[in-house]
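# Report on the structure
Read off the chains here:
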Amino acid sequence: MRFFNRTDSVVSLAALALLAAVPLLTSDNYVLGILITAICYAIWAGSWDLLSGLTGRENFGHSLFIGAGAYAAAYLNTAYGIDLGWGIVVAPLVSGTLGALIGLPTLRLQGPYFALATLVASAIAHTLCLLLWRVTGGEEGLSGILPMAGSQSDYYYLVLTIGFVSIAAMKLFALSDAGLVLRAIGSDEAICRAAAIDVDAYKITTFAFSAAFAGLGGALFAGYQLTAAPDLLSSGLSITIVVMAYVGGMGTIYGPAVAALFLALIVEYLRGFGEYRLLVYGLILLVVVRLTRHGFVDPFWRWLKGRLA
Amino acid sequence: MAEILLYGAASSASYALMAVGFTLVFGVARVLNLAHGAFYACGAYAMYGFCAAFGAAPAIAVLAAIAVLAAVGAIVNRFFVEPLRARPMAVLMSTLALSIVAEQTLLITFGSQSRNIPLILDGPVSLLGVRIGAQGLLLIAVAIVVIGALWLFLHKAKLGKAIYATSQDPVGAQLVGIRTSTVFAVVFAVSAAMAALSAAIVGPMQTVSPEMGLMPMIKAFSVVIVGGLGSIGGSIAAALLLGYSETIVSYLVSTEWAQIVSLVAVFVTLVVRPSGLFGK
Amino acid sequence: MTDPILRAVGLTRAFGGIKAVSDVSIAVRTGSITGILGPNGAGKTTFFNLLTGFTKTGAGEVYLQQERITNLPPHLLARRGLVRTFQLAKPLAGLTVEETVLLPALRVGAGQDRRQARERAAYLLDRVGLAAKAEATSESLTYGDLRRLEIARALMLRPKLLLLDEPFAGLGAGEIETVSQLIHEIRDREEVTVLIIEHKLREFFKLVETVIVMVAGEVVAEGTPAEVVKHPKVLSAYLGERAYEH
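Every value quoted in this text rests on a predicted model; they were computed, and no experiment measured them. (Residues numbered from 1 in each chain as written. Chains lettered and ligands numbered in written order. Predicted model: local features only at pLDDT ≥ 70, side-chain atom pairs only at ≥ 80, totals over all residues. Heavy atoms only, no water.)

## Things to note about the overall build of chain A
Worth spelling out the cut-off: The way it works is that DSSP assigns letters per residue, a run of H or I at least four long becomes a helix, a run of E at least two long becomes a strand, and they are numbered from the N terminus. Atoms counted for the radius of gyration: C-alpha only. Globule rule: 2.2 Å times residue count to the power 0.38. Any residue under 20% of the maximum accessible area for its type is buried, any over 50% is exposed, and the rest in between are partly exposed; the area is computed with a 1.4 Å probe on protein chains only. Contact definition: two residues touch when any of their heavy atoms are within 4.5 Å. In this charge count, Lys and Arg are treated as positive and Asp and Glu as negative; neither His nor the chain ends contribute. By convention, charge coordinates are those of NZ in Lys, CZ in Arg, CG in Asp, or CD in Glu.
When helices and strands are counted, chain A shows 14 helices and 2 strands. Here the C-alpha radius of gyration of chain A, 19 Å, is about what a compact globule of 309 residues would show, namely 19 Å. Across its three principal directions, the C-alpha atoms of chain A cover 50 × 45 × 35 Å. Each of the 309 residues in chain A was classed as buried or not, and the buried ones make up 56%. Expressed as a percentage of contacts within chain A between residues at least 6 apart in sequence, the contacts between residues at least 24 apart total 81%. Looking at charge distribution, chain A has the averaged site of its 16 positive side-chain charges lying 10 Å from that of its 17 negative ones.

## Regarding the packing of helix 1 (residues 2–29) of chain B against helix 9 (residues 214–227) of chain B
Residue and element names in this part refer to chain B. For the record, the criterion: Only the stretch in contact is used when a helix axis is fitted, and all axes are lines through C-alpha atoms; the angle between N-to-C directions ranges over 0 to 180 degrees. Each angle gets one of four labels, with under 35 degrees taken as roughly parallel, over 145 as roughly antiparallel, 65 to 115 as roughly perpendicular, and the rest as oblique. Left-handed describes a crossing in which the near helix is turned anticlockwise from the far one by less than a right angle; the clockwise case is right-handed. Amino acid classes used here: Ala, Val, Leu, Ile, Met, Phe, Trp, Tyr, Cys and Pro are nonpolar; Asp, Glu, Lys and Arg are charged; the rest, including Gly, are polar.
Remark: helix 1 packs on helix 9, axes separated minimally by 8 Å, with the N-to-C direction vectors making an angle of 70 degrees. Put simply, helix 1 runs roughly perpendicular to helix 9. Pair helix 1 / helix 9 crosses with right-handed handedness. Judged by residue contacts, Tyr15, Met18, Ala19, Phe22 and Thr23 of helix 1 engage Pro216, Met217, Lys219, Ala220, Phe221, Val223 and Val224 from helix 9. Looking at the contact of helix 1 with helix 9 residue by residue, the class counts come to 10 nonpolar, 1 polar and 1 charged.

## Quick notes on the pairing of strand 2 (residues 18–29) of chain C
All names here are of chain C. Which entries qualify depends on this criterion: Note on pairing: two strands pair once DSSP finds at least 2 bridges between them.
Bridging between strand 1 (residues 4–15) and strand 2 involves 8 bridges; their strand directions are antiparallel. Paired with Arg13 across the two strands is Val21, which belongs to strand 2. The hairpin formed by strand 1 and strand 2 contains 2 residues between the paired strands, and Gly16 there has a positive phi angle of roughly 50 degrees.

## Digging into unusual backbone geometry
Leave glycine aside and you will find that most residues have negative phi; peptide bonds, for their part, are mostly trans. Residue and element names in this part refer to chain C. A positive phi angle, close to 65 degrees, is found at Asn71, a residue other than glycine. With respect to the element layout, Asn71 can be found in the loop between strand 5 (67–68) and helix 2 (74–79). Of note in the backbone geometry, Ala216 takes a positive phi value of approximately 45 degrees without being a glycine. Structurally, the position occupied by Ala216 is in the loop between strand 9 (210–215) and strand 10 (218–223).

## Points about the pattern of salt bridges
Filter applied, for reference: The working definition used for a salt bridge is a side-chain nitrogen of Lys or Arg within 4 Å of a carboxyl oxygen of Asp or Glu.
A complete count under the given rule lists 25 salt bridges over all chains for this structure. Of the charged contacts, one joins Arg118 of chain C and Glu98 of chain C as a salt bridge, the two residues approaching to 3.3 Å between their closest N and O atoms. Of this pair, Arg118 of chain C sits in helix 4 (residues 114–127) while Glu98 of chain C sits in helix 3 (residues 97–106), and the two are 20 residues apart along the sequence. You can call Arg118 of chain C partly exposed: its relative accessible area is 40%. Close ionic contact of Glu185 of chain C with Arg127 of chain C constitutes a salt bridge, the shortest N to O distance being 3.5 Å. Of this pair, Glu185 of chain C sits in helix 6 (residues 173–190) while Arg127 of chain C sits in helix 4, placing them 58 residues apart in sequence. With a relative accessible area of 16%, Arg127 of chain C lands in the buried category. By sharing partners, the salt bridges in this structure join Arg57, Glu189, Arg193, Asp200 and Lys203 of chain A into a single network.

## Topic: the interface of chain A and chain B
How big an interface is tends to be stated in terms of the accessible area lost upon association of its parts. Inclusion rule: In short, buried area is how much 1.4 Å probe accessible area vanishes from two parts on joining, totalled over both. The term polar contact refers here to a pair of N or O atoms within 3.5 Å; inside protein, the definition further demands a hydrogen-donor-capable atom paired with an acceptor-capable atom, and it admits residues adjacent in sequence only when both atoms are side-chain atoms.
Contacts between chain A and chain B engage 34 residues on the former and 33 residues on the latter. Buried surface at the junction of chain A and chain B, both sides included, amounts to about 3,200 Å², of which 83% is carbon and sulfur. At the junction of chain A with chain B, the criterion picks out 0 salt bridges. At the boundary of chain A and chain B, one finds 2 residue pairs in polar contact (both at pLDDT 80 or more). Looking at the side of chain A that touches chain B, the elements with two or more residues in it are helix 4 (84–106), helix 5 (111–131), helix 11 (235–248) and helix 13 (276–291) of chain A. Considering every element that reaches the side of chain A that touches chain B, the biggest residue donor is helix 5 of chain A, with 12 residues. Considered class by class, the residues forming the side of chain A that touches chain B number 25 nonpolar, 4 polar and 5 charged.

## Some thoughts on the side chain of Ser238 of chain A
Tracing the sequence through the fold places Ser238 of chain A in helix 11. Once you skip the residues sitting within four places of it in the chain, Ser238 of chain A turns out to touch Phe60, Gly61, His62, Ser63 and Ser122 of chain A.

## Structural notes on the interface of chain C and chain A
Opposite the 23 residues of chain C that make contact, chain A presents 18 residues. When chain C packs against chain A, the two sides together hide about 1,800 Å² of surface, and 66% of this comes from carbon and sulfur. Three residues stand out in chain C for area buried against chain A, namely His75, Leu103 and Leu106 of chain C, and they jointly supply 26% of the buried area on that side. Among the elements of the structure, helix 2, strand 6 (82–84) and helix 3 of chain C are those that each provide at least two residues to the side of chain C that touches chain A. Of the residues contributing to the side of chain C that touches chain A, the split by class is 14 nonpolar, 2 polar and 7 charged.

## Topic: helix 8 (residues 180–202) of chain B
The test is simple: What a helix is expected to span follows from its residue count: subtract one and scale by 1.5 Å.
With 23 residues, helix 8 of chain B should reach 33 Å at 1.5 Å per residue; the first-to-last C-alpha distance of 33 Å fits that figure. For helix 8 of chain B, the buried fraction is high: 19 of the 23 residues fall into the buried class.

## Topic: helix 4 of chain C
Residues and elements named next belong to chain C. Note the cut-off: Arc definition: directions from the helix axis to the C-beta atoms.
The end-to-end C-alpha separation of helix 4 is 20 Å, in line with the 20 Å expected for 14 residues at 1.5 Å each. Those residues of helix 4 not exposed but buried are Ala117, Arg120, Ala121, Leu124, Leu125 and Arg127. An end-on view of helix 4 places all buried positions within 155 degrees of arc, on one side of the element. In helix 4, the exposed positions angled more than 90 degrees off the buried face are occupied by Arg115 and Asp126.

## Considerations on the sheet that holds strand 4 (residues 59–64) of chain C
All names here are of chain C. Spatially, 4 strands are ordered 2-1-4-5 in an open sheet, and the strand pairing comes out antiparallel. Of all the strands in the sheet, the pair left with one neighbour each is strand 2 and strand 5. Bridge analysis of strand 1 against strand 4 gives 5 bridges, and the strand direction is antiparallel. Along strand 4, the bridge assignment pairs Arg7 with Tyr63. Packed onto the sheet, helix 1 (residues 44–52) meets strand 1, strand 2 and strand 4 and runs at close to 115 degrees relative to strand 1.

Such coordinate-based values are descriptive only and should not be taken to indicate function.
Below, the structure is given as structure tokens:
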């Protein structure tokens, strides 16, 4: 059975049930807010992995697509009064298109060159966002989005549902024939071309999917914050996502998503410690890169399953 | 015109000092060192430390900061780069992590408020009818001397030739008895020392703060990409190109748009000619 | 006499002023096993790259069964039945042996029934002697296994013309014999024309029916193996080669 592993399915459904039960246990909007943020990070890290983990093309500008989605939804709402729900539909289209456009010239580049090109692309977007403040609101961002759900817990359920479905969809994609082809592309492009595979079309399409899910997460996040801020376009966010993917284990989709969920929660918890937050991030990354090849989450889960079996 | 000429030269000089060290590490050790900006910030704080704690004269403090960072560079190479050499992306991540740790450590130790470090040369001077800080002229002179010395070292000195040989063919270099691990350590030390030197001279003209390394590193990146990764001559040419075009755009439009100019230049270069405008 | 399956007319490609392939014209007879022989640096691999779309031509045309295919991208050529292997056989990281062979059938629009594709893959793995290792990761294979795996993957595309780039490179004497037999079988049973680049003389001459000799980017001789070995230009090129090889 290549598609469904029973243990994996049961455990992920149990995790979903646990997360779905949270609003029943607490009505604390702060807790729900943290979870919404963490789920957005999970979508971002999972979508990063879709392209970068499978093909080994490490995207250092994922924030470009997150920010584009957030700003698209925010702009439609604040400028034209279009409901946030439509924004959540449009955002992935905008980000996906951007992904294809940026992928077209950059996906030919190898290793570090692709990383730099995407990093620079997002830096250009970030700088433009600040320069074109008349449209984007500059440092302040676009605020005053009208909430789409009556209560925080309603919105939490929306984000949880979309998040779970997105990550499951991406995982299934990674397990499908297309995922296999992408891993082959990551290993050796020339062999794939000789095997009649249109390598460029595969990479660009996947980049568009990856960007679209990032934009979806961006719109959901803006809908929670009721603001699209320039931080969502920053290199800092891109790098945070790469760190999460490394910790989770690249190419597994669920690994980066789970790592993102936990790291976002830990960081939120560490907010009390203020300035030590990023230091902890840096140290975790240092340890992960130095000591592991496949991160923590995926190897740990395999080990656990081995013990249970 | 004279203003553009001088200010352009000063900013080109600061870009070149950072970029040449950065590209040296890439050219020889095949490592993209994302901690280069952290070297820059640490260099400025080392100088701050020597001045504030020991009351050292600025010129002495600069030398001390350079020495400290050279050692730091070699240590970073030994413990955070060497063990991961076979995996280029892992090296990238490792040096990225180091730069985050370094920046945050500076932030926690010294706080986020900016510090001042003293000028080595005080006071404005008049040149070509322009009043420019003496430190700015020092920057231009130091860049020319240091990069010239590096060039001589790489082409004339025995160790320098070994470094050059390693950059051309690491396996071959090892076969003829060059200890490449020593070469890599030296290259990292030189690169970090140049970042510290740049910070110690540029730092007093701007502000010293924990995140001060980021912009210079992005600039170094830009210069190195446009010039061609690993090419010292290309870096110098690209430093002049970007330094002057930014200065000109700043004068004609605004400083913010000048930033976009170099970013767009980098993106276009990467896409159209990843080997750089002046690369092979 | 049937039409040639492949024709190259005046193919030329220079790198930095040096002509790697210079005005090469050949015709490959349908159903033959044809060899391209030449010392290292003769431009054989560049010539293959030009035929298969991996390198853009400087000048000249390529025809597959009378149809002009010059500079079409590699994946489209592979779909038309012009399929190649590489000088260096490499595993696909993380893929099993079976998945590696199946790869051409997995792409979107491959138009193959999954069950049929798996049967074909199993059949080919059996043919190349890797059936027992179908579930192993491709990285765990020996170099000789990888060579045969590569041929199986190429056959998965049901090629009309199979281009083999130094199929004996890196193999021991026994393995060369096996691969040699395999190539013969393929031609006979799969109705594939085979074009081979090699510079190992002995095994090569036993295998091929026609030899085209390239030296310094140009065709210098053509004929049966027996004719070609007597050609003066071949002798001089190969005496020179032997002097510094081994």
